[in-house]
Amino acid sequence: MKLYRNLNSFDSKGIQTAVTVGMFDSVHFGHQKVLKELTNISKLNKLESVVISFSNSTLSYFKQNVFDDFLFSIEDKIQQIEKLGIDHLIIIPFDDYVATIDAKHFVEDILITILNAKQLVLGYDNRFGKGREGSVDFVNKNFSTKIKAHSVEAEYLNYSNHSNEIISSSLAKHYLTLGWVDKIDQLLGRPFYLKGIVQSGKKLGRQIGFPTANIFLSPQQFVPSIGVYATKVFLNGQIFKGVTNLGFRPTVDNSKTLTIETYLFDFSEEIYGEEIEIEFVKKLRMEMKFNSIEELKIQINKDCEQAKKVLA
Ligand SMILES: Cc1cc2nc3c(=O)[nH]c(=O)nc-3n(C[C@H](O)[C@H](O)[C@H](O)COP(=O)(O)O)c2cc1C
Ligand SMILES: Nc1ncnc2c1ncn2[C@@H]1O[C@H](COP(=O)(O)OP(=O)(O)O)[C@@H](O)[C@H]1O
């Protein structure tokens with residue numbers, strides 16, 4: 001897959017393309033359906049597949065002091081889109097140009113002139129151009145001799161009580177807010193994870209028998225609800241099992257900043273400065289304020305037992 005950071009670096013000489021446009025944060029099953037349709041249409045029509053996506057959210061562009069609250073990093077988006085066999089990925093900022101170009105010029109200047117697009121694939125609710133004017137109908141009505149546009153139906157959640165629910169990044173965020181990390185796989189086909197560099201803390205962990213690897217994230221990073229989780233940790237290509245506390249540690253310091261700390265089972269190495277990826281498997285309980293460190297230790301022991309069962 002070829003990656004581009006601006007539209008003008010795309011060279012369509014000698015190629016014709018099929019294109020889709022979207023934010024694609026989390027590349028959930030709905031996004032995957034659109035991207036698979038794009039590769040199918042590309043193959044059938046001997047075209048190269050192109051995805052246009054954005055490095056910041058529309059919300060952060062339109063609203064002041066609102067930051068991106070993506071579920072995953074841009075690097076994650078690139079990896080997931082590459083896995084689906086897309087030929088070209090263009091990631092550009094959602095800026096004044098993107099926000100103000102009207103649908104007609106989007107088709108003429110971007111799709112036809114820059115990308116030499118012959119087919120366009122859009123998700124069921126996907127629009128492009130100023131005021132969201134650009135749609136499948138708009139393209140098929142005004143540009144039928146140049147581009148054929150296809151709409152991809154929504155992907156629904158496939159389990160009993162929620163069968164009418166459309167899969168979306170907002171639904172994934174809602175699940176995480178409820179601590180339902182064990183249900184994320186049904187939306188994305190993979191678990192939720194957080195990645196960071198292990199940094200030193202107050203060194204209290206090892207004194208109480210539970211050294212914890214701490215990572216710090218940008219305040220904009222979307223995180224699951226506060227509490228204790230059974231987790232799997234990826235470190236230098238190896239997988240470890242553990243328990244992660246995500247919270248403010250009311251028993252020891254009631255800190256203002258969120259801490260994400262993981263005790264790894266059967267592990268005793270120094271890993272400050274190393275990158276770890278924490279996969280959230282199941283929420284075990286809420287974070288609580290204990291009357292003493294002794295009580296906290298007893299509870300952490302119980303958490304470990306429970307996590308080992310969940311992760312077995
Ligand atoms: C599995 C686990 C559960 C925890 N649960 C709580 C909790 O419910 N309440 C709390 O105040 N701190 C909780 N902690 C945080 C501990 O207070 C913290 O790990 C300890 O103070 C070590 O801090 P340090 O990494 O700065 O040395 C938990 C830690 C772990 C590993
Ligand atoms: N089983 C383990 N789980 C997590 N970290 C461990 C473990 N064994 C050793 N460590 C190391 O110890 C550090 C945590 O010790 P801790 O006393 O909690 O210090 P800190 O307050 O600096 O996090 C980790 O960052 C890691 O380098």
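Residue positions are given per chain, counting from 1 as you read along its sequence in written order. Just so you know, chain letters begin at A and ligand numbers begin at 1, following the order they were written in. Per-residue local features are limited, in this predicted model, to residues with pLDDT of at least 70; the limit for side-chain atom pairs, both in listing and counting, is 80 or more; totals at the level of whole chains, interfaces and linings are taken over all residues. Side-chain metrics rest on all non-hydrogen atoms present in the structure, leaving aside hydrogens and water.

- The name given to the protein chain in an unreviewed UniProt entry is Riboflavin biosynthesis protein, with the source organism recorded as Sandaracinomonas limnophila.
- Quoted verbatim from the Sequence similarities (unreviewed entry) heading of the UniProt record, the comment on the protein chain is "Belongs to the ribF family."
- UniProt positions are given in the numbering used here, feature names are shortened, and annotations may be inferred rather than shown by experiment. Of the comments in the UniProt record for the protein chain, the one headed Function (unreviewed entry) reads "Catalyzes the phosphorylation of riboflavin to FMN followed by the adenylation of FMN to FAD."

### Details of helix 5 (residues 103-114)
Reasoning step 1: With a 1.4 Å probe rolled over the protein chains alone, any residue whose accessible area is under 20% of its type maximum counts as buried; one over 50% counts as exposed, and the rest are partly exposed. Numbered from the N terminus, helices here are DSSP runs of H or I no shorter than four residues, and strands are runs of E no shorter than two. Among the residues of helix 5, those classed as buried are Ala 103, Phe 106, Val 107, Ile 110, Leu 111 and Ile 114. Within helix 5, the buried residues cover an arc of 150 degrees as seen down the axis, which keeps them to one side.
Reasoning step 2: The contact criterion used is simple: two residues touch if any of their non-hydrogen atoms lie within 4.5 Å. Buried residues in helix 5 make contact with strand 2 (17-21), strand 3 (48-54), helix 4 (96-100), strand 5 (117-123) and helix 6 (136-142).
Reasoning step 3: Positive backbone phi, at 50 degrees, marks Asn 116, one or two positions downstream of helix 5. It is the directions from the helix axis to the C-beta atoms whose arc is reported.

### Let's talk about the environment of Asn 116
Reasoning step 1: Secondary-structure assignment places Asn 116 in the loop between helix 5 and strand 5.
Reasoning step 2: The exposure class of Asn 116 is partly exposed, given its relative accessible area of 22%.
Reasoning step 3: Residues Asn 116 and Lys 13, spaced 103 residues apart in sequence, show a C-alpha to C-alpha distance of 8.5 Å.
Reasoning step 4: Setting aside anything within four residues of it in sequence, one finds Asn 116 in contact with Ser 12, Ile 15, Gln 16, Thr 17 and Leu 111.

### Digging into the sheet that holds strand 2
Sheet strands pair via backbone hydrogen bonds, and the direction of the pair is either parallel or antiparallel.
Reasoning step 1: Strand order in the open sheet formed by six strands is 1-4-3-2-5-6, and the pairing between neighbours is parallel. Edge positions in the open sheet fall to strand 1 (2-4) and strand 6 (148-152), since each of these has one partner strand only. Between one strand axis and the next, the sheet turns through 20 degrees on average, direction left out of account.
Reasoning step 2: Strand pairing is assigned whenever DSSP detects at least two bridges linking the two strands. Two strands pair when backbone bridges link them, and strand 2 and strand 5 are joined in this way by four bridges, in the parallel orientation. When the bridges of strand 5 are listed, Val 19 appears paired with Leu 120.
Reasoning step 3: Helix 3 (residues 74-83) contacts strand 1, strand 3 and strand 4 (88-92) of the sheet and is inclined by roughly 160 degrees relative to strand 4.
Reasoning step 4: Lying on the sheet, helix 5 is in contact with strand 2, strand 3 and strand 5; it crosses strand 5 at an angle near 120 degrees. In this description, a line fitted to the C-alpha atoms serves as the axis of each element, helices being fitted only across the stretch in contact, and the angle between N-to-C directions of two axes falls anywhere from 0 to 180 degrees.

### Focus: the site of ligand 2
Reasoning step 1: In the vicinity of ligand 2, 20 residues are found, and the nearest of them are Gly 201, Lys 203, Leu 264, Ile 271 and Tyr 272.
Reasoning step 2: At 2.5 Å, a backbone N or O of Gly 201 approaches an oxygen atom of ligand 2.
Reasoning step 3: Taking Pro 211, its main chain carries an N or O atom lying 3.3 Å from a nitrogen atom of ligand 2.
Reasoning step 4: In short, Shrake-Rupley with a 1.4 Å probe defines the accessible areas, and a residue's cover is counted only from the protein chains shown. Relative to its unbound accessible surface of 550 Å², ligand 2 loses 96% to contact with the protein.
Reasoning step 5: For the shell around ligand 2, the secondary-structure elements that each account for two or more residues are helix 9 (204-207), strand 8 (213-215) and strand 11 (259-264). Residues are classed as near a molecule or strand on a simple rule: at least one heavy atom within 4 Å of it. Counting of polar contacts relies on pairs of N or O atoms within 3.5 Å, with two restrictions inside protein: one atom must be capable of donating a hydrogen and the other of accepting it, and residues adjacent in sequence are counted only when both atoms are side-chain atoms.

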